[in-house]
Amino acid sequence: QTVDLTTRAEFVKVPMMHVGGWHDIFTQGTIDAFAALQTRGGEGARGRQHLVMGPWTHGIKQTKVGELTYPDNAKWPEGAPDEGKWMAAFLLGDGSEADKLPTVWYYVTGAVGEEGAPGNEWRTTDAWPPKATETKLYLAPDGALTHEPPEAAETKYTYDPSDPVPTVGGRNLVLPAGSFDQRKVETRPDVLVFSTETLTEPLEVTGQITVRLFASSSAKDTDFTAKLTDVYPDGRSMLVADGILRARFREGFDREALMEPSRTYAFDIDLQSTSLVFNRGHRIRVAISSSNAPRFEPNPNTGDPWRANDNMVVAEQTVKL
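Residues numbered from 1 in each chain as written. Predicted model: local features only at pLDDT ≥ 70, side-chain atom pairs only at ≥ 80, totals over all residues. Heavy atoms only, no water.

A. Structural view of the nonpolar core. One finds Leu139, Leu213, Phe267, Ile288 and Val319 to be the most contacted residues of the largest nonpolar core, which totals 30 residues. When contributions to this core are tallied by element, the ones reaching two or more residues are β9 (154-159), β10 (192-195), β11 (203-217), β12 (223-231), β13 (237-246), β14 (265-278) and β15 (283-289). For Val319, the contacting residues outside a window of four places in its chain are Leu139, Ala153, Glu154, Thr155, Tyr157, Leu192, Leu213, Phe214, Ala215 and Ile288. Membership of the second largest hydrophobic core comes to 21 residues, among which are Met17, Val52, Ala89 and Val112. (Core = buried A, V, L, I, M, F, W, Y, C linked by side-chain atoms within 4.5 Å. Buried < 20%, exposed > 50% of the residue type's maximum accessible area, 1.4 Å probe, protein only. Helix = DSSP H or I, 4+ residues; strand = E, 2+ residues; numbered from the N terminus. Contact = heavy atoms within 4.5 Å.)

Okay, here's the thing in structure tokens:
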């Protein structure tokens, strides 16, 4: 909280160029800082922010992102100034040339290696997120992911903190980052997998993604994770975005509330933002679990103060469909 820029936007009085990537550990922070200063910044900052979001990890001008390699155009948007030219517009001039530029450049990723696949191109917009229609998908029995709410049901799995789901790519800083095939972890008994039918038309997803999970646990505290993947026709389940929520922080990170065992709660798992076109012939997949280590330290499920001891409890998790 002491370093949260979004709560002090009015004190910032300079223009900024915010640069981030869809697979960067700071994806949402970059976007949130841009939005806060663009709309609530002080004089000199408000209305003079720019945002560039590429397909990158924690670095820019990449084409290889995990196990996917994007076209050369992914390195930087054509017509956008690099950091040096953008700085020069304000330091050596009045910034009017930069003010004429698009406010936001963002790279819409698409299927890699599929000729004619939509996406894999830069777009511009005057604000973020661009205008879009909110789309809901529902976890359904038998591993389906549907547009219509299913009949009420539930499914269970066991989470053992001594045997967590291993990290396979994602928005990491030091660990291998980017989009990796998730199939080797999706077959675990502590991972629930839900997939749509094969898409008959391309579907674009641009904006922030949230998984609202209704679940209970035998433990006082536990974690719930969610992953969004793009399933290629050859079966590869390529990571798009993921997130995690510690149950004790389900009401906010400024308070702790332990769970009542077996009581159902709502968990809003933030998968941050992305821009992707799921191509025809692909499927959309959501995977639910309770760990992603070592990216996130496994929850011992005890409800004890964090790292107070080495105790661990195996949790029985129930997800309501």
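B. Spatial organisation of the sheet that holds β11. Strand order in this open sheet of four strands is β9-β16-β11-β14, and the pairing throughout is antiparallel. In this open sheet, the two strands that pair with only one neighbour each are β9 and β14. Each adjacent strand pair in this sheet contributes to an overall mean axis angle of 35 degrees, direction not counted. Taken together, the twelve bridges between β11 and β14 define a ladder with antiparallel strand orientation. The residue bridging Gln208 from the neighbouring strand is Ser273, located in β14. Each of β11 and β14 touches helix α1 (residues 27-40); the most contacted strand, β14, lies at about 85 degrees to it. (Pairing = 2+ DSSP bridges. Axes fitted to C-alpha atoms, helices over the stretch in contact; angles between N-to-C directions.)

C. How the structure looks around the pattern of salt bridges. Here the structure, examined in full by the defined rule, presents 21 salt bridges. Arg123 is the salt-bridge partner of Glu121, the closest N and O atoms lying 3.1 Å from each other. For Glu121, a relative accessible area of 33% puts it in the partly exposed group. Taking the shortest distance from any N to any O, the salt bridge between Arg246 and Asp223 comes out at 2.7 Å. Within this pair, whereas Arg246 is found in strand β13, its partner Asp223 is found in strand β12, the two being separated by 23 residues in sequence. Note on Arg246: relative accessible area 16%, which makes it buried. What makes Asp223 buried here is its relative accessible area of 2%. Each of the salt bridges in this network shares a partner with another, and the network as a whole consists of Glu121, Arg123 and Glu204. (Salt bridge = Lys/Arg side-chain N within 4 Å of Asp/Glu carboxyl O.)

D. Region of the structure containing the sheet that holds strand β5 (residues 104-108). Within the open sheet, the four strands sit side by side as β1-β2-β5-β6. Their pairing is mixed. Because the sheet does not close on itself, it has two edges, and the strands there are β1 (16-21) and β6 (121-125). Each adjacent strand pair in this sheet contributes to an overall mean axis angle of 20 degrees, direction not counted. Summarising the sheet, β1 and strand β2 (residues 49-54) pair through six bridges and their orientation is parallel.

E. Representation of the environment of Tyr106 in the model. You can see Tyr106 is positioned in strand β5. Residue class for Tyr106 comes out buried when judged on its relative accessible area of 5%. Spatially, the C-alpha atom of Tyr106 lies 10.0 Å from that of Ala74, the residues being 32 residues apart in sequence. Excluding residues within four positions of it along the chain, Tyr106 makes contact with Trp22, Met53, Glu121, Trp122, Arg123, Thr124, Thr125, Trp128, Pro130, Thr206 and Ser275.

F. Just a nonpolar patch on the surface, in detail. On the surface, a nonpolar cluster with roughly 400 Å² of combined accessible area is contributed by Ile25, Phe26, Leu173 and Val174. By relative accessible area, Ile25 is classed as partly exposed at 32%. (Patch = residues over 30% accessible without salt bridge, like charges linked within 9 Å, V, L, I, M, F, W, Y side chains within 5 Å. Areas by Shrake-Rupley, 256 points an atom, 1.4 Å probe, with all protein chains shown as cover.)

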